[in-house]
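# Summary of structural features
Given next are the chains, with one letter for each unit.
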Protein chains: 4
Amino acid sequence: MSHSIPTPSVPAPDIVRCAYMEIVVTDLARSRAFYVDVLGLHVTEEDDEAIYLRSLEEFIHHNLVLRKGPVAAVAAFAYRVRSPEEVDAAEAYYRELGCRTERRSTGFTKGIGDSVRVEDPLGFPYEFFYDVEHVERLTQRYDLYSAGELVRLDHFNQVTPDVPRGRAYLEDLGFRVSEDIQDSDGVTYAVWMHRKQTVHDTALTGGDGPRMHHVAFATHEKHNIIQICDKMGALRISDRIERGPGRHGVSNAFYLYILDPDDHRIEIYTQDYYTGDPDNPTITWDVHDNQRRDWWGNAVVPSWYTEASLVLDLDGNPQAVTERDERSEMAVTVGADGFSYTRSDDDGSPEGFKLGSQL
Amino acid sequence: MSHSIPTPSVPAPDIVRCAYMEIVVTDLARSRAFYVDVLGLHVTEEDDEAIYLRSLEEFIHHNLVLRKGPVAAVAAFAYRVRSPEEVDAAEAYYRELGCRTERRSTGFTKGIGDSVRVEDPLGFPYEFFYDVEHVERLTQRYDLYSAGELVRLDHFNQVTPDVPRGRAYLEDLGFRVSEDIQDSDGVTYAVWMHRKQTVHDTALTGGDGPRMHHVAFATHEKHNIIQICDKMGALRISDRIERGPGRHGVSNAFYLYILDPDDHRIEIYTQDYYTGDPDNPTITWDVHDNQRRDWWGNAVVPSWYTEASLVLDLDGNPQAVTERDERSEMAVTVGADGFSYTRSDDDGSPEGFKLGSQL
Amino acid sequence: MSHSIPTPSVPAPDIVRCAYMEIVVTDLARSRAFYVDVLGLHVTEEDDEAIYLRSLEEFIHHNLVLRKGPVAAVAAFAYRVRSPEEVDAAEAYYRELGCRTERRSTGFTKGIGDSVRVEDPLGFPYEFFYDVEHVERLTQRYDLYSAGELVRLDHFNQVTPDVPRGRAYLEDLGFRVSEDIQDSDGVTYAVWMHRKQTVHDTALTGGDGPRMHHVAFATHEKHNIIQICDKMGALRISDRIERGPGRHGVSNAFYLYILDPDDHRIEIYTQDYYTGDPDNPTITWDVHDNQRRDWWGNAVVPSWYTEASLVLDLDGNPQAVTERDERSEMAVTVGADGFSYTRSDDDGSPEGFKLGSQL
Amino acid sequence: MSHSIPTPSVPAPDIVRCAYMEIVVTDLARSRAFYVDVLGLHVTEEDDEAIYLRSLEEFIHHNLVLRKGPVAAVAAFAYRVRSPEEVDAAEAYYRELGCRTERRSTGFTKGIGDSVRVEDPLGFPYEFFYDVEHVERLTQRYDLYSAGELVRLDHFNQVTPDVPRGRAYLEDLGFRVSEDIQDSDGVTYAVWMHRKQTVHDTALTGGDGPRMHHVAFATHEKHNIIQICDKMGALRISDRIERGPGRHGVSNAFYLYILDPDDHRIEIYTQDYYTGDPDNPTITWDVHDNQRRDWWGNAVVPSWYTEASLVLDLDGNPQAVTERDERSEMAVTVGADGFSYTRSDDDGSPEGFKLGSQL
């Protein structure tokens, strides 16, 4: 168990939302084919080293940067803050935490101005910026609207060994918890945390970390997600559909997980709920509830629990991964040592073993 | 032209969102049939005098109160504020504005605690509250999910003669403008303003006021709205469909306007866009752009421009209505003296007169 | 009143379905932009004179031929018959009727083999063929699936002055009536007739004819139709949306009417019902029922009643148009001399005048 | 290998479509809760022994009969024929085949008149009828339209050991093949056969039989199927979702398989394609193509291959089940001895083992 992360004395930066992720890909053309030709993200700008992509309704320069590099990994989880001054606040906050920080007045990527990147206490490369180039918001460009159109960046999902430790750190940073998964012994398996008024801007998934579990884009409706599956079938890349589509228990969103050419995981996501009230009710799910991850009780494939992307330090080297020493969600819910129930009866014993009847 | 409304020296209350509307209906049973049996809103509580209704994903006591009374009108536009102290702030704010206020520690309706109601400078009955009874959030109660399910209260829409005056007042109150409709002479016909991260919590529509133009509920998808039309057809009340369904230019939402038994107008609305960034781009539409109100150029029926509900003062008497003395949107866009174009050509003359070819 | 059309002594050809329409357009490039770039029909083949288009799920060569010509008109309503011999049957049938016929063993268009074209008793150019080139059925080519994808040709709609006369002729030809519109005096305003198991392969609309009212393509779902509207808005051609979208009373389909660059009317249509049983119930609508044409009671624009495309004789000259001398549906339902009701009360007087309250 | 079934000298009855299934359930109230309360089928009539249910757009008395009995099984697969005389034809046809037949002029169930039931050569209880009570077609009763509304009976699916033998028999009976699954050695694993203009009225699935694999109802759109899953989640019966939702390779339909309280399997199905042309292309799938059963490559659960309902003889006793002696689809596609590929490369070796990477 790692030591808890101290709460800085200076104010946390006022984060608006998750804004973009920078990922390193090993073959830029191959990744372009996936993100642009298959998924239909819109190219704001590109060169031999990087491609800047945005979703339909975005008005800032990008939501995703694909950068060519030798090792597939994540270079930055970037958040937008409320004002230029909040970049200063972020820098001061992480300095007090003793984290390595790097400030660049002209930004780390095209389209972004003054920003700070940090190696955060959990080992993730976080970026904070306000200044950004506005670009055409394509909201009503229905002439460009594909049948599986991605309209917004929705959230990040990070793998970290000690979820409560990470949760306390992110709460200090101003995130609020919408939902979590626990067991009756108080072990926390995952937590969903937000700044904007959705279920999350980022989530922590318990596991060996720091790693990036997925980055999620939203569609308008459920049929848009089905079309993405159908198109991947037509392109004979259905083996890149990892899990879903399905309805999440947590968040209530309709979802799909797919894998990019470097095995970075992308979630397509739609229709979670409003969380903007200060007393928005927090929902805790029992880890043994078989509807928590999929409301229809469909099986979570093992790779979804075990695989994730490396993250980089500020020198561009992969961060070392620390093993989770608490119970694993997969182990406690699947297989010989685990169990999952569909419903509980009065005396507390679980019923309706869907997984057990299938595997 | 009325005098402008001064900016108080005390801070504006921190408003979270539009939370509920209280409307007076003349026949409670008939209104119940409309809101519960036709629209499927969920009854939190009811008695001989009032019915408290909420949308599927709501966790506070109600989004709509139907109160029996002699004259169909609106008794309150209620906003939730961020903390109990913000109710004090609201009271102080309106007192400084010289408005009549009334504070009730046990609330004006069931389910709500300490609140203040005011007769605001535009003549509307506004309420501010924090304390509210939490009720079951029905988000995942798909066993109760109707084909035209209303999932959230989305916004109010108010008719006022002098839109810039109202806009300045609401900006002082902390609302931010997402979109508006103007002409080339600078006349403003309508403005959309938000606190939560959607296009609006309320909008001002230029016209004789104070009156309530409509209250809007959101669905998840477009087909839910179509189902409401289909059901009204099946019930042979299609004459209560006033306008739509259609796609708004302003807000980009898919919409429908229907009329309740007292002619209170309800909008059903889905899929506008995220406005939470501090520099969210504001969109100004030309009043002559025939796609501003309906992206498909379908005609706005005259009643939609001219009809609206009375609002009450704090004694329950209808507020006097003041005529708009600026140009009317209907007059400048429809008929002999008005015009609307589908597109502009290079020399500035409009083209594509859809309305003209139909009327 | 014209004389009735005799029933031939030879058997009617066994018609499978409406298969394609050949239309003359005055600017091939401009029409291509509409049908291919806006509507997304798939080009099977094209040259300087003609473009052959098909819908996604079609396996025969084309559903629509755009042919360059001096006068916008319809050159053929083509039906597929069950076998090569049925082309002979068609030829014999129309010869007995005294109609001009023309047989071409290599077809009138590319992709089609042995066929016969006739000037039918109502003045329409009908074609009958069996032999056709099979092409790739794109049903699962979701990589080509646009957000407003047209998946099938659904039906034709023809304007003719004397609907009962035309109905009797088409019943002799093997069509079965699914629905019609009448008044209490027995005047018939329109009739829907099918061979395949949908509501219609063609319909007769009372009016000055012979003219082509529209040709209809089907989508999978309602949102696909909404997308077509949204796209036309984005392209600033919303003035080419003539009517809808809406829900038909007749047929129960969700619909949209748009106009091509030559004012040929296209319907986009989805989700009518199965009619394959021999005793499929026929539905008769009262012409004054305001939900017959639009289940939501939305107004039918006058142009929809009055405008239609010319049709050609076998020499390529426009057929003369004969005026309808019976009552016009528009006249009896709209305006000073007409009326439409939303519901009937017990004593037979209509109620709920939606049109009246709007115009 | 059984002997092939002779082709009778008398004409096959002219079958219109699959019309209803009669199933025996062990607890009528529990089955009613499932079919009426969960699935929303409409009760035409019911008593202590049986419940007669229909889908929204049906105009004949029922599509499903639930009959109380000691052993869960299927009592009849009932087809509608084109005329009363075709019932005679059916009787003569099966008599020539040497099958046991039973004729009842007043029908075997309420609402149906003169009919014949047979024990067909594959051991299934088939019924043929024309005379049936017409009931209200609820097509436009959108006031009754649930979010997961079932609008039509679509097809049956039967398990039989020898698929080619069954196929030949059904082709003699007038069914036409739309699709099948084979391997490169010519083994047939399943075949889809139709009378009405959809992909099937019934299908044969290779396995121990005669057994009933499933009966399928259609929805209008994909979201209706998702709602059924969501509702089953809300009711905490997600363990009764057996497989899906997904997109079929075969038929291209969007699908879901669920289990009733007696483990009778129900498919919910939408959007296959038109098959009415005489030369409708037949599609043969390779059994090793991992997209044949699910276009997205999602795993087929073993129970879907192995479990099915017993069928009854005309005395109401379960038919003996004969084992399939050819290869099983599950064995050749899953596990140590089987394989499935996502795509084939040029030299014929399969690639993209999705199943292999997950199990």
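Our structure is the block above this text.
Residues numbered from 1 in each chain as written. Chains lettered and ligands numbered in written order. Predicted model: local features only at pLDDT ≥ 70, side-chain atom pairs only at ≥ 80, totals over all residues. Heavy atoms only, no water.

### Some points on the interface of chain B and chain A
Condition: Any two residues whose heavy atoms approach within 4.5 Å at even a single point are treated as in contact. Buried area is calculated as the accessible area (1.4 Å probe) missing from two parts once they are joined, with the contributions of both summed. Here, a salt bridge means any Lys or Arg side-chain nitrogen found within 4 Å of an Asp or Glu carboxyl oxygen. Any N or O atom pair separated by 3.5 Å or less is treated as a polar contact, with the protein-specific requirement of one donor-capable and one acceptor-capable atom, and with residues adjacent in sequence counted only for side-chain atom pairs. Any residue that is not Ala, Val, Leu, Ile, Met, Phe, Trp, Tyr, Cys, Pro, Asp, Glu, Lys or Arg is counted as polar, Gly included; the first ten are nonpolar and the last four charged.
Between chain B and chain A, the contact holds 35 residues from the first and 35 residues from the second. The junction of chain B with chain A conceals about 3,200 Å² of combined surface from both sides, 45% of it contributed by carbon and sulfur atoms. Put simply, chain B and chain A have eight salt bridges between them. Between Arg17 of chain A and Asp277 of chain B there is a salt bridge whose closest N-O contact spans 2.9 Å. Counting across the chain B and chain A interface gives 25 residue pairs in polar contact (both at pLDDT 80 or more). Its residues assigned to classes, the side of chain B that touches chain A shows 11 nonpolar, 11 polar and 13 charged.

### Some thoughts on helix α3 (residues 163-172) of chain D
Within an α-helix, residues lying three or four positions from one another point in the same direction, as the helix has 3.6 residues per turn. Residue and element names in this part refer to chain D. Counted only if it meets this: A 1.4 Å probe rolled over the protein chains alone gives each residue an accessible area, and that area as a share of the maximum for its type sets the label: buried under 20%, exposed over 50%, partly exposed in between. Every helix listed is a DSSP run of H or I at least four residues long, and every strand listed is a run of E at least two residues long, numbered separately from the N terminus. What the arc describes is the spread of directions from the helix axis to the C-beta atoms.
Taken residue by residue, α3 has Val163, Gly166, Arg167, Tyr169 and Leu170 as its buried positions. Considered in projection along α3, the buried side chains sweep an arc of 165 degrees and stay on one side of the axis. The backbone nitrogen of Arg165 has a side-chain oxygen 3.1 Å away, supplied by the residue at the start of α3, namely Asp162.

### Here we look at the interface of chain C and chain D
The interface of chain C with chain D comprises 35 residues on the first partner and 35 residues on the second. Both sides of the chain C and chain D interface together cover about 3,200 Å² of buried area, and 45% of this is carbon and sulfur. Our count for the contact surface shared by chain C and chain D stands at eight salt bridges. One can count 25 residue pairs in polar contact (both at pLDDT 80 or more) joining chain C with chain D. Residues of the side of chain C that touches chain D, tallied by class, amount to 11 nonpolar, 11 polar and 13 charged.

### Comments concerning the sheet that holds strand β2 (residues 42-46) of chain B
Residue and element names in this part refer to chain B. As a reminder of what qualifies: When DSSP locates at least two bridges between a pair of strands, those strands are taken to pair. A fitted line through C-alpha atoms represents every axis, and for helices the fit uses only the stretch in contact; the resulting angles, taken between N-to-C directions, go from 0 to 180 degrees.
Strand order in this open sheet of eight strands is β2-β3-β4-β1-β5-β8-β7-β6, and the pairing throughout is mixed. Of all strands in the sheet, those with a lone pairing partner are β2 and β6 (101-104), marking the two edges. Each strand of the sheet is rotated relative to its neighbour by a mean of 20 degrees, with strand direction disregarded. Two elements, strand β3 (residues 50-54) and strand β4 (residues 64-68), share four bridges in a ladder whose sense is antiparallel. Residue pairing in the sheet places Tyr52 in a bridge with Val65 of β4. Helix α1 (residues 28-38) contacts β1 (15-25), β2, β3 and β4 of the sheet and is inclined by roughly 160 degrees relative to β4. Helix-sheet contacts for helix α2 (residues 84-96) involve β5 (73-81), β6, β7 (115-119) and β8 (125-129), and the interaxial angle to β6 is about 160 degrees.

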